[in-house]
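# Examination of the molecular architecture
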Amino acid sequence: MTIPLDAKVPAGPLAEKWDRHRGALRLVNPANKRKHVILVVGSGLAGASAAASLSELGYRVKCFCFQDSPRRAHSIAAQGGINAAKNYQGDGDSIWRLFYDTIKGGDFRAREANVYRLAQVSVEIIDQCVAQGVPFAREYGGLLANRSFGGAQVSRTFYARGQTGQQLLIGAYQALEKEVARGGVEMFPRTEMLDLVLVDGRARGIVVRDLVTGAVTSHAGDAVVLATGGYANVFYLSTTAKGSNVTATWRAHRRGALFANPCYTQIHPTCIPVSGDHQSKLTLMSESLRNDGRVWVPKRAGDARPPHEIPDAERDYYLERKYPSFGNLSPRDIASRAAKEVCDEGRGVGPGGRGVYLDFRDAIQRLGEPAIAERYGNLFEMYQRITDENPYRAPMRIYPAPHYTMGGLWVDYNLMGTIPGLHVLGEANFSDHGANRLGASALMQGLADGYFVIPLTIGDYLASSKLAPVGTDHAEFRRVEAEVQGRVNRLLGTRGTRSVDSFHKALGHLMWERCGMARSPGGLREALVEIPTLREQFWAEVRVPGTGEAFNQSLERAGRVADFLELAELMCRDALHREESCGGHFRTDHQTGDGEAKRDDERFCYVAAWEWTGEGAEPQLHREPLAFENVHLATRSYK
């Protein structure tokens, strides 16, 4: 079956597309909005902002999260800031420059119209959040402060010390709870979506499991909004919260939603290095630290001296040397590969030589320790608590780790997937970041999608669809509920001898080695043999203790790992198919003479969107060509 990928990009000049589109969207009468039920899955920045905004417009909203509160969404972990093209610093920023930096940062693998809209809406996001009381940092005179992030030569990142994600989430949470109190939003915490229900080819509901009682139930609506985050936990060790998973989007994929660019995963360069096999996750240190911290390693391989004993002449500030125009604020994919390169040369520091220094000595001498503490104090405290090392006295040690995922469900300009009625927001979709996300753009996209895009575009879908009333007594709900319960029973009934975590660790190691920072054809082909074998072992040997009629975290993890075992194969297939290097997708057989990514625009200037074709069958590839009418396709350079 050929699925037409109509991105529904409006006609007209780039700067006018969104305004023209908003003017042409069909509207739902205020009295009729009360008749529509919208199911929002996820309550992080994208989900909470969408649920609150849709309720404020008059829709009846049901919002679901597997945490005990929306306050615990992984959005709180974003530390460094949120981009916006306000040009408060008067340093030459503009909507166009933010648009171009984002397109270039994504290695020219994103849709122009979506990225330009993101840059436009960024200006409104800051005003929205300030009105909500988000405590952004301010200059001495009271104006909002800005700092720089990787991939940009201007200061456009608004921040709240090292807690930006948390403060923004509190703002969205307050808006959400206001609507809960008003009765516009019905909140379902400790509830996990396990499948999508289609009626007459449209998304009309979800099947969920109550994580406390184990009850499997259904909810019907007129549209479904997935805002469930990314899938970096496929690597087991990542900076992502342990509960983050791919289940909601993967279940939608199995029902017919195309999964786009799954191999585009971001490796963040500023993570505390792995300390041993006991770890279940990794800790991110904000990219904002690279504003004042300098990254270096010893020039001589095997130099094990303490950092304070290594003179400047024997230090290699390799990012400043290789990328002088951007230096320590080079984009994440480039900084990550550079760190791996020097460590592979034997010049890494710390246990196992898997680390580089992030040094604040010069900044402390220049600005004074109080100024550094004011900017980064909570981050320094977090680092010291984890490592028992004082970053004011000795350099931090950092190393790249899986972080964000640019791939996700394919969506059009209206944020609707290939299943009518299924809308996908934030990190769960593929749309805005191309092959690499610039720092401080995740918060921007999540809030843009939730506050400013989906409240308008979902109305166009509802106004143009003749939706018959559907309740959970419909046969499709009963059928999907039975399938969900069958999967639960199968997980509980395997009675093997291996833990869920043992399989997750094995998968994570395989994916990091074969489909991590660098990918080779041979390694990917090996993975495509090893992953199905591991998946067979999982279903034959996994042991899930407990029952399905109570709180059972082993059962939760087992279902999520089962989906990771399927996603991982698609990621490797996508990575093997894409015979080029771009952004976070680096193929060792496609690089320039000096080790930089080598794109192939003639053959691969498109979005790769994959269709599920059944158990054990190869997925079918669909292509959305990327047209660059406003920017020139160029070899990305930060030198």
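Just so it is clear, the structure is predicted and the values come from calculations on it, not from any experiment.

## Quick look at the sheet that holds strand 8 (residues 216–220)
The antiparallel open sheet is built from three strands, whose spatial order is 6-7-8. A single partner strand is all that each edge strand has here, and the edge strands are strand 6 (191–199) and strand 8. Each adjacent strand pair in this sheet contributes to an overall mean axis angle of 30°, direction not counted. Looking at chain direction, strand 7 (residues 202–210) and strand 8 are connected through five bridges and run antiparallel. Bridge pairing in strand 8 places I206 opposite H219.

## What about the domain arrangement of the protein?
Under the domain assignment, the protein is made up of domain 1 (270–401) and domain 2 (475–625). Relative to domain 2, the C-alpha centre of domain 1 lies at a distance of 32 Å. With ten residues of domain 1 at the contact, the number on the domain 2 side is eight residues. Surface buried jointly by domain 1 and domain 2 totals about 730 Å² across both partners, of which 58% is contributed by carbon and sulfur atoms. Taken as a group, D333, R337 and K340 account for 54% of the area that domain 1 buries against domain 2, more than any other trio of residues on that side. Between the two partners, domain 1 and domain 2, sit zero salt bridges. Listing elements by their share of the side of domain 1 that touches domain 2, those giving two or more residues are helix 9 (332–344) and strand 15 (396–405).

## Comments concerning the nonpolar core
If you look at the biggest cluster of nonpolar residues, it comprises 143 residues, and the most contacted ones within it are I82, L196, L422 and M511. At 13 residues, helix 16 (residues 553–577) tops the list of elements feeding residues into this core. Residues within four places of I82 in sequence aside, it is in contact with I125, I126, F136, R156, T157, F158, T164, L168, A440, L443, M444 and L447. Ranked by size, the runner-up nonpolar core spans 32 residues in total, among them A339, V342, I364 and I372.

## Section: the sheet that holds strand 5 (residues 185–188)
Pairing is parallel across the open sheet formed by five strands, whose spatial order is 5-2-1-9-17. Every interior strand has two partners, whereas the edge strands, strand 5 and strand 17 (422–424), have only one. For this sheet the average axis-to-axis angle between neighbouring strands, irrespective of direction, equals 20°. In this structure, strand 2 (residues 60–64) lies alongside strand 5, joined through four bridges in parallel fashion. For C63, the partnering residue across the bridge sits in strand 5 and is M187. This element, helix 12 (residues 442–464), spans strand 1 (37–41), strand 9 (223–226) and strand 17 of the sheet and lies at about 150° to strand 9.

## Examining the pattern of salt bridges
Enumeration according to the criterion identifies 63 salt bridges in this entry. The closest approach of N and O atoms between D312 and R361, which form a salt bridge, is 3.1 Å. Here R361 lies in helix 10 (residues 361–367) and D312 lies in the loop between strand 12 (294–298) and strand 13 (315–316), a separation of 49 residues in the sequence. Looking at R361, the relative accessible area reads 29%, which means it is partly exposed.

## Things to note about the pairing of strand 6
Burial runs high along strand 6: nine of the nine residues are buried. Relative to strand 7, strand 6 is paired through eight bridges, and the arrangement is antiparallel. The residue of strand 7 that forms the bridge with V197 is G205. Taking the residues that link successive antiparallel strands as the turn, the strand 6-strand 7 hairpin has two residues, and the phi of D200 there is positive, at about 55°.

## Structural notes on the packing of aromatic side chains
Scanning the model with the defined rule gives 23 aromatic pairs in all. Here the aromatic rings of W410 and F430 are separated by 6.5 Å at their centres, their planes lie at 10°, and the arrangement is stacked. Here the residue W410 occupies a position in the loop between strand 16 (408–409) and strand 17, and F430 occupies one in the loop between strand 17 and helix 12, the gap between them amounting to 20 residues. Since its relative accessible area comes to 5%, F430 is described here as buried. When the centroid spacing of 6.1 Å and the interplanar angle of 65° are considered together, the rings of Y451 and F452 count as edge-to-face. Just as Y451 is buried, F452 falls in that class too. Taken together, the aromatic side chains of Y231, W250, F259 and W612 make up a single cluster linked through ring pairs. Its guanidinium or amino end placed over the ring of Y404, R437 lies 4.2 Å from that ring's centre, counting from NZ or CZ.

## Notes on the side chain of H423
Position of H423 relative to the elements: it lies in strand 17. Classification of H423 by relative accessible area gives buried; the value is 1%. A polar atom in the side chain of H423 sits 3.3 Å from the backbone oxygen of G421. Setting aside residues no more than four positions away along its own chain, H423 makes contact with A223, V224, V225, L226, N414, L415, M416, I454, I458 and Y461.

Conventions adopted
Residues numbered from 1 in each chain as written. Predicted model: local features only at pLDDT ≥ 70, side-chain atom pairs only at ≥ 80, totals over all residues. Heavy atoms only, no water. Pairing = 2+ DSSP bridges. Helix = DSSP H or I, 4+ residues; strand = E, 2+ residues; numbered from the N terminus. Axes fitted to C-alpha atoms, helices over the stretch in contact; angles between N-to-C directions. Domains from an automatic or database assignment. Contact = heavy atoms within 4.5 Å. Buried area = accessible area lost by both parts, 1.4 Å probe. Salt bridge = Lys/Arg side-chain N within 4 Å of Asp/Glu carboxyl O. Core = buried A, V, L, I, M, F, W, Y, C linked by side-chain atoms within 4.5 Å. Buried < 20%, exposed > 50% of the residue type's maximum accessible area, 1.4 Å probe, protein only. Phe/Tyr/Trp six-rings, centres within 6.5 Å; stacked < 30°, edge-to-face > 60°. Lys NZ or Arg CZ within 6 Å of the ring centre and 35° of its normal. Polar contact = N/O pair within 3.5 Å; in protein donor to acceptor, adjacent residues only side chain to side chain.

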